[in-house]
Amino acid sequence: MAEAHQAVAFQFTITPEGIDLQLSYQALNQIYLSGVRSWKKRVSRVRNSLIKGVYPASPSSWLFVSIAILATMYMRSDPSMGLITKIQHHLPLSAQGQTMLSALVFSTLLWLSLILALRFCLKLLLSYHRWMFEQHGRVSNFTKVWVTLLGLLSSRKPLLYSYQTSLPHLPVPAIKDTLSRYLRSVRPLLNDLEYKRMSELASDFEKNLGNRLQRYLKLKALWATNYVSDWWEEYIYLRGRGPIMVNSNYYGMDFLYVTPTSVQAARAGNTITALLLYRRKVNREELKPVRTVIPLCAAQCERMFNTTRTPGEETDVLQHWQDSEFVAVYHKGRFFRLWVYRAGRLMSPRELEYQIQKILDDPSPPQPGEEKLGALTAGDRIPWAQVRKQYFSSGVNKRSLDVIEKAAFFITLDDEEQGMRGEDPAGNLDRYAKSLLHGKCYDRWFDKSFSIVIYKNGKNGLNAEHSWADAPTVAHLWEYTLATDAFHLGYTEDGHCKGEVEPLLPHPQRLLWDIPLEQCSSLAVAQALADDVDCHIVHFRDFGKGRIKKLRVSPDAFVQISLQLAYYRDRGSFCLTYEASMTRLFREGRTETVRSCTNESAAFVKALENGEDEESCRRLFRLASETHQNLYRMAMTGAGIDRHLFCLYVVSKYLGVDSPFLKEVLSEPWRLSTSQTPIQQIELFDLKNHPDYVSLGGGFGPVADDGYGVSYIITGEDMINFHVSSKHSCNQTVTNIKPAMVDVLCNIPDKTHQFHTGYVCVRTIAGILSQFTDL
């Protein structure tokens, strides 16, 4: 029980001679060092607040302004045009002191005015988005001047959040424009009668209720930082009462070909260290703001660590703590608290490996009800909220639950082996994806902002909760973690972490529970959902973005049109297609929908299927590609469709009015939900020089019961990885077919064959496009 004694700073007893005080100097030293670390963080936060508060100027610029003003006054000139003299009359000092102090006050006011002016100019520059719509190689003079001015104003090295106050607010599109774009997006999905009916509903909405709702929305846009994000987080994520496992959470995978070490504890040690180093960079704002040409909003980084989603009967709540000095670990049905700081410093990877090995070697069995406790986070939210209120609101259960929820993140030491290995690499990849998506339904804590899984053979991965941030933010974290693990921390020749172990490290602490629960229904609900999910990974290596770009085609548009072809061959029709696009060009922006099924892509697919000549296919494909890119740019610049309609619907509910048009629009199913995973947002290593260290990306579950979830990552120049999911319960959706049938399916335009994203649709369209040398 050495750790129990170390947790007590002092003890005292009352004796006839007085109070007998027994101090533990080791514990007091730990308290002192922990306090020093805490104060260092506070000082760092204050310093960063000052630096980003005056951006794009610098704090030292105040000194230059003050010196310039004083120098001008020394030359018997008044740069303030009498304002300094007026300030002097209100200062009860000597004449010389009045002059000096009033000059400094004026200098400060002038400096603050210059900062506001610079920030206003920067905000105007960041509000310009026409550069996105200009053709490559044909940049206008106006845009060239804009780039120059933007470079001058943002030349000083920014912190992570330096641009936040200069980012523009998301604009509210005109109702007429949104409705026009909506009708165009559904035209390929409706026959003439259905389209006429929908047009009449849209027209009636615009003339009557629409303008009233729009006024409320514009009022919110004037008042709120972002008119979409808070409602999107609350109503799309936190108010959902169904399971978040599979339906909302998503996963990220390890390297495809490489596992840096096969020692489970060592991989955990380096992974934990890399994640905490990233947290340190976030806290100190040392990360560079992510940029396209202009910076993206970094607000989603704020709740990355020390965050959990707590259940409620009506709505969940995101809870975030400023700091946490421990992580929560699950292994073979037991929960542990693992301290990651020692004497005010972050433990070394070798020390963390040593601690993890202690957990792996611990033979103690789970307590009653402990092993499958995590299933509560995997099932419906209302039962979890009720159980939490009844059994976890006080006593030992509350204390242990607080440890999990306040932990920096959650770790599962899985007793299975995963990855592309053995005699069935394709099947193993599919099982790897399912394991990360839902595991055993009780060995993950799906409420944490993200959970790390370390497998027995050293493979790793993560499962992320969706409400606090979107996939690009988590992808950035995960890329940093993998690269730091493999290339910066490294391992010894025998696969262990580098460094030394300090003696007398406190052991990981078992969490205690008193759970008088019988069999919980949450596990049954979660297990049925997990069993219904079908996951398939396609590792496509015939070509990648290098060849696609040589054809002067957007790789994303290429894949999206390929998906339209695949779905059409699968079902003989088109469907409403969701592609996620970011709106982080605006402050607190999250996502917008690109409706990838367009009139142009439908025309191309039909032409290809009907065997029209190559010249027609070439022309229609280019038109479809350009249309898709334009839609993507419009979504990024605030001219999308779905977030505007969503917010109008929320306003209508607050006002207690019904709109047949909005009700129908918001109930349309997304049978093809797609998303591209970004890669190499950070340059910690060169993929060209280390081609084996390629990432598989990640995936998610299907949105509709009769639809597909398709995530893809365009990796390097010669690879596209697909993650396809569907449900076994729907006999119309099949994500996997035998590879031996691939070539047959590529050559036979059979409209009844099954959906197989990577091999069928990409290779089919590539076989045609590769002949078009002048695309």
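Each chain has its residues counted from 1, following the order in which its sequence is written. Given that this is a predicted model, residues contribute local features only at a pLDDT of at least 70 and side-chain atom pairs are listed and counted only at 80 or more, while totals for whole chains, interfaces and linings are drawn from all residues. Calculated side-chain values reflect all of the structure's heavy atoms, with hydrogen atoms and water omitted.

So, the pairing of strand β5 (residues 317-320)
Any two strands between which DSSP finds at least two bridges are classified as paired. In this description a helix means any DSSP run of H or I spanning at least four residues, a strand means any run of E spanning at least two, and both kinds are numbered starting from the N terminus. Across four bridges, strand β4 (residues 307-310) lies against β5 in antiparallel orientation. Following the sheet pairing, Thr 307 is matched in β5 by His 320. A loop of six residues connects β4 with β5, the two strands running antiparallel in sequence.

Concerning the packing of helix α7 (residues 175-186) against helix α21 (residues 642-655)
Each packed pair of helices is defined by two parameters, the angle between the axes and the distance between the axes. The interhelical angle for the contact between α7 and α21, taken along N-to-C directions, is 120 degrees, at an axis separation of 10 Å. In this structure, α7 crosses over α21, and the sense of that crossing is left-handed. Within the contact between the two elements, α7 uses Ile 175, Thr 178, Leu 179 and Tyr 182 and α21 uses His 644, Leu 645 and Leu 648. Just so you know the grouping, Ala, Val, Leu, Ile, Met, Phe, Trp, Tyr, Cys and Pro go in nonpolar, Asp, Glu, Lys and Arg go in charged, and all remaining residues, Gly too, go in polar. Here the contact of α7 with α21 is composed, by residue class, of five nonpolar, two polar and no charged. Note on definitions: angles span 0 to 180 degrees between N-to-C directions of axes, and those axes are lines fitted to C-alpha atoms, for helices only across the stretch in contact. Crossing handedness follows the turn of the near helix against the far one: under a right angle anticlockwise gives a left-handed crossing, and clockwise gives a right-handed one. Contact between two residues is taken to exist if any of their heavy atoms lie within 4.5 Å; hydrogens are not considered.

Comments concerning a nonpolar patch on the surface
Residues enter a patch when their relative accessible area is above 30% and they make no salt bridge; the linking distance is 9 Å between like charges and 5 Å between nonpolar side chains (Val, Leu, Ile, Met, Phe, Trp, Tyr). All accessible areas in this document rest on Shrake-Rupley with a 1.4 Å probe, and a residue is counted as covered only by the protein chains that are shown. By definition, a salt bridge exists where a carboxyl oxygen of Asp or Glu is found within 4 Å of a side-chain nitrogen of Lys or Arg. A cluster of nonpolar side chains, namely Leu 101, Val 105 and Leu 109, defines an oily patch on the protein surface of about 210 Å² accessible area. Position of Leu 101 relative to the elements: it lies in helix α5 (residues 95-126). Of the residues examined, Leu 101 reaches a relative accessible area of 34% and is grouped as partly exposed. Residue burial is assigned from relative accessible area. The probe radius is 1.4 Å, only protein chains are included, and a residue is buried under 20% of its type maximum, exposed over 50%, and partly exposed in between.

Notes on the pattern of salt bridges
Applying the stated rule across the entire model yields 38 salt bridges. As a salt-bridge pair, Glu 370 and Arg 510 come within 2.9 Å of each other at their nearest N and O atoms. Residue Glu 370 is located in the loop between α11 (349-361) and α12 (381-391), and its partner Arg 510 is located in strand β13 (residues 509-510); the two are separated by 140 residues in the primary sequence. The buried category is assigned to Glu 370, whose relative accessible area is 0%. Across the pair Glu 609 and Arg 569 runs a salt bridge, and its minimum N-O distance is 2.7 Å. With a gap of 40 residues between them, Glu 609 in helix α19 (residues 599-609) and Arg 569 in helix α18 (residues 555-571) connect regions that are remote in the sequence. When its relative accessible area of 5% is taken as the criterion, Arg 569 is described as buried.

A closer look at the pairing of strand β15 (residues 577-582)
A large share of β15 lies buried, amounting to five of its six residues. Here three bridges tie β15 to strand β17 (residues 672-676), and the two strands are oriented parallel to one another. Following the sheet pairing, Glu 579 is matched in β17 by Thr 674.

Things to note about unusual backbone geometry
Note the cis peptide between Tyr 55 and Pro 56, where omega equals 15 degrees. Inspection of the secondary structure assignment puts Pro 56 in the loop between α2 (25-53) and α3 (61-74). Of note, the phi angle at Val 246 is positive, near 75 degrees, even though the residue is not glycine. Inspection of the secondary structure assignment puts Val 246 in the loop between α9 (229-238) and β3 (250-253). Classification of Val 246 by relative accessible area gives buried; the value is 2%. Phi angles above zero are rare outside glycine, and Glu 285 is one such case at about 60 degrees. With respect to the helices and strands, the residue Glu 285 is situated in the loop between α10 (264-284) and β4. By relative accessible area, Glu 285 is classed as buried at 6%.

Structural notes on the nonpolar core
Formed by 53 residues in total, the largest nonpolar core has its most connected members in Tyr 182, Phe 205, Leu 217, Tyr 227, Leu 645, Leu 648 and Phe 661. Sorting the residues of this core by element identifies α5, α6 (141-153), α7, α8 (192-223), α9, β15, α21 and α22 (660-666) as the ones contributing at least two each. Per element, the largest residue contribution to this core is seven residues, and it comes from α8. Residues enter a nonpolar core if they are buried and are Ala, Val, Leu, Ile, Met, Phe, Trp, Tyr or Cys, with the set joined through side-chain atoms within 4.5 Å.

Focus on the packing of aromatic side chains
Stacked, tilted and edge-to-face are the three classes assigned to paired rings of Phe, Tyr and Trp, where Trp is represented by its six-membered ring and a pair needs centres within 6.5 Å; plane angles under 30 degrees give stacked, over 60 edge-to-face, the rest tilted. Taken as a whole, this structure holds 33 aromatic pairs when the rule is applied. Each ring, one from Phe 487 and one from Tyr 693, has its centre 4.7 Å from the other, and the planes form 55 degrees; the classification is tilted. In this pair, Phe 487 is assigned in helix α15 (residues 471-489) and Tyr 693 in the loop between β17 and β18 (698-699), connecting sequence segments 206 residues apart. Assessed through its relative accessible area of 23%, Tyr 693 is described here as partly exposed. Through successive ring pairs, a cluster of aromatic residues spans Tyr 330, Phe 335, Trp 384, Phe 392, Phe 410, Trp 445 and Trp 513. The side chain of Arg 130 reaches across the aromatic face of Phe 133, ending 4.6 Å from its centre. A positively charged side chain is recorded as over a ring if its NZ (Lys) or CZ (Arg) lies within 6 Å of the ring centre. The angle to the ring normal must also be within 35 degrees.

Examining the confidence of the model for the protein
For the protein, the average pLDDT comes to 87, and 88% of its residues sit at 70 or higher. Along the chain, pLDDT gives the predictor's confidence residue by residue, from 0 to 100. In the model, residues 1-10 has pLDDT below 50 throughout and makes 15 contacts with residues more than four positions away in sequence or in other chains.

Some remarks on the UniProt feature "active site" (unreviewed entry) in the protein
In the numbering adopted here, UniProt assigns the feature "active site" (unreviewed entry) to His 466. Tracing the backbone shows His 466 in the loop between β12 (460-464) and α15. Ignoring sequence-local partners within four residues, the contact set of His 466 consists of Tyr 237, Ser 248, Asn 249, Tyr 250 and Arg 590. UniProt positions are given in the numbering used here, feature names are shortened, and annotations may be inferred rather than shown by experiment.

A look at the UniProt feature "transmembrane region" (unreviewed entry) in the protein
Under the local residue numbering, the UniProt record ascribes the feature "transmembrane region" (unreviewed entry) to residues 54-75 and 100-122. Between the C-alpha atoms that bound residues 54-75 there is a distance of 29 Å. The span itself is 64% helix and 0% strand. Between the first and last C-alpha atoms of residues 100-122 the distance is 33 Å; the span itself is 100% helix and 0% strand.

Remarks on the sheet that holds β18
If you trace the eight strands from one edge of the open sheet to the other, you get β13-β7-β6-β10-β11-β12-β3-β18, paired in mixed fashion. Looking along the sheet, the strands with just one partner apiece sit at the ends: β13 and β18. In the sheet, strand β6 (residues 326-331) pairs with strand β10 (residues 410-413) via three bridges, with the strands oriented parallel. Bridged to Ala 328 within β10 is Phe 410. On top of the sheet, helix α13 (residues 395-406) reaches β6, β7 (334-339) and β10; it is set at about 110 degrees to β6, its chief contact.

Some words on the sheet that holds strand β16 (residues 591-595)
Sheet architecture is open: six strands sit in the order β14-β20-β19-β17-β15-β16, paired in mixed fashion. Each having just a single partner strand, β14 (533-540) and β16 make up the two edges of the open sheet. Put simply, the sheet's adjacent strands are angled 20 degrees from each other on average, direction ignored. In terms of strand pairing, β15 meets β16 through five bridges, oriented antiparallel. Among the inter-strand pairings, Glu 579 is bridged to a residue of β16, identified as Val 594. Running over the sheet, helix α16 (residues 521-532) touches β14 and β20 (719-727) and is turned about 40 degrees from β14. On the sheet, helix α20 (residues 614-636) packs against β15 and β16 and is oriented at approximately 50 degrees with respect to β15.

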